[in-house]
Amino acid sequence: MLERKTAVTLGSFDGLHKGHMTVIACAFEMQQKHGFSPLVLLFDSHPMLTVAGKAPDMVLQPALRNELIAETGAGKRIVSFREVKNMTCREFFEKILIDQLNAGGICCGWNYRFGKNNEGGTEELKALCEEYGVELMITPPVDYDGKPVSSTRIRQAVESGNIPLANAMLGREFRYKQVVVSGYHRGRLIGAPTINQRFDEGFVKPKKGVYASVTVVDGREYPSVTNIGLRPSFENEDFRSETCILGFSGNLYGLEIEVRLLEYLRDEIKFGSMEELSAQIRADAKKSEEIFENRGESGNV
């Protein structure tokens, strides 16, 4: 058991969107009131992977999720979902929340479910908290455009290329961080060197096309243009992200680089010549720089 009383946040936290962040904020309210240590409870894998054999595509990589949680100042505890999936609500409450995490307070969203086969909800959790003298805070839904923010809505927005909508629900820019792999060095021939990155298996696939983006190198943000897809002007391509970083020069091969999408610019086009492709890249770069300069403080366009 942890020595200090904790304020445990419960939920999937798969997207760490505005709804999830509201739940985490409650833990810090408890810290101010009672001195509890904010703690985010995470599972080692998405529950649907164990229950159904397939999880929804990720909208946030686990490593980036952990970085964002650390930035809030909250701690985290990762629990094996296989270890708890057959526990009753009471067993999960007593063995995990009380015995392991020393919960003095619990925070969750309005639609939280727990226990074997999701048998329990907020009413069952409330009864257990009252029995054990644990404070409970339940957050209402966080709406955007009249509907609750959810990872499903964010996933659909990314897949359809509606990045401003995804970013608005996330409360930050949709991002991914991948190793830069060797490309074909063709960008250098038209004065636009690029970094190539493949996506993790199980990560959401943004709509194929060209995006205004931000690339982070050594903590500095650069405007950039990102092509996601198969690059129809060239043959035999695999699905990947190819980003031209504006105003940057350097070798990034083998490094993990973070790319954040801002706005969908256009569909992929098969150009008739390298001259046409080069002219379009220059136009995309100009538009991307304008979008980069006009970002809001929250990172949303």
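Residues numbered from 1 in each chain as written. Predicted model: local features only at pLDDT ≥ 70, side-chain atom pairs only at ≥ 80, totals over all residues. Heavy atoms only, no water.

A. Quick look at the side chain of Thr9. Structurally, Thr9 is set in strand 1 (residues 6-10). Setting aside chain neighbours within four positions, we find Thr9 in contact with Val23, Ile24, Ala27, Leu39, Val40, Leu41 and Cys107. (Helix = DSSP H or I, 4+ residues; strand = E, 2+ residues; numbered from the N terminus. Contact = heavy atoms within 4.5 Å.)

B. Molecular detail of the sheet that holds strand 13 (residues 256-266). Around the barrel, which closes on itself, the six strands sit in the order 8-9-12-11-10-13 with antiparallel pairing between neighbours. Strand after strand, the sheet turns through a mean of 45° between neighbouring axes, direction not considered. Note: strand 8 (residues 175-181) against strand 9 (residues 195-197), two bridges, orientation antiparallel. Bridge pairing links Val181 to Asn196 in strand 9. (Pairing = 2+ DSSP bridges. Axes fitted to C-alpha atoms, helices over the stretch in contact; angles between N-to-C directions.)

C. Main features of a negative patch on the surface. Taken together, Glu91, Glu119, Glu123 and Glu124 make up a surface patch of like negative charges. Within the element layout of this structure, Glu91 appears in helix 5 (residues 89-100). Taking relative accessible area as the criterion, Glu91 reaches 30% and is therefore assigned partly exposed. (Patch = residues over 30% accessible without salt bridge, like charges linked within 9 Å, V, L, I, M, F, W, Y side chains within 5 Å. Areas by Shrake-Rupley, 256 points an atom, 1.4 Å probe, with all protein chains shown as cover. Salt bridge = Lys/Arg side-chain N within 4 Å of Asp/Glu carboxyl O. Lys, Arg positive; Asp, Glu negative; His and termini not counted. Charge placed at Lys NZ, Arg CZ, Asp CG, Glu CD. Buried < 20%, exposed > 50% of the residue type's maximum accessible area, 1.4 Å probe, protein only.)

D. Region of the structure containing the environment of Glu67. Summarising the element assignment, Glu67 is placed in helix 3 (residues 62-72). Taking the relative accessible area as the measure of exposure, Glu67 reaches 35% and is therefore partly exposed. Between the C-alpha atoms of Glu67 and Asp145, which are 78 residues apart in sequence, the distance is 29 Å.

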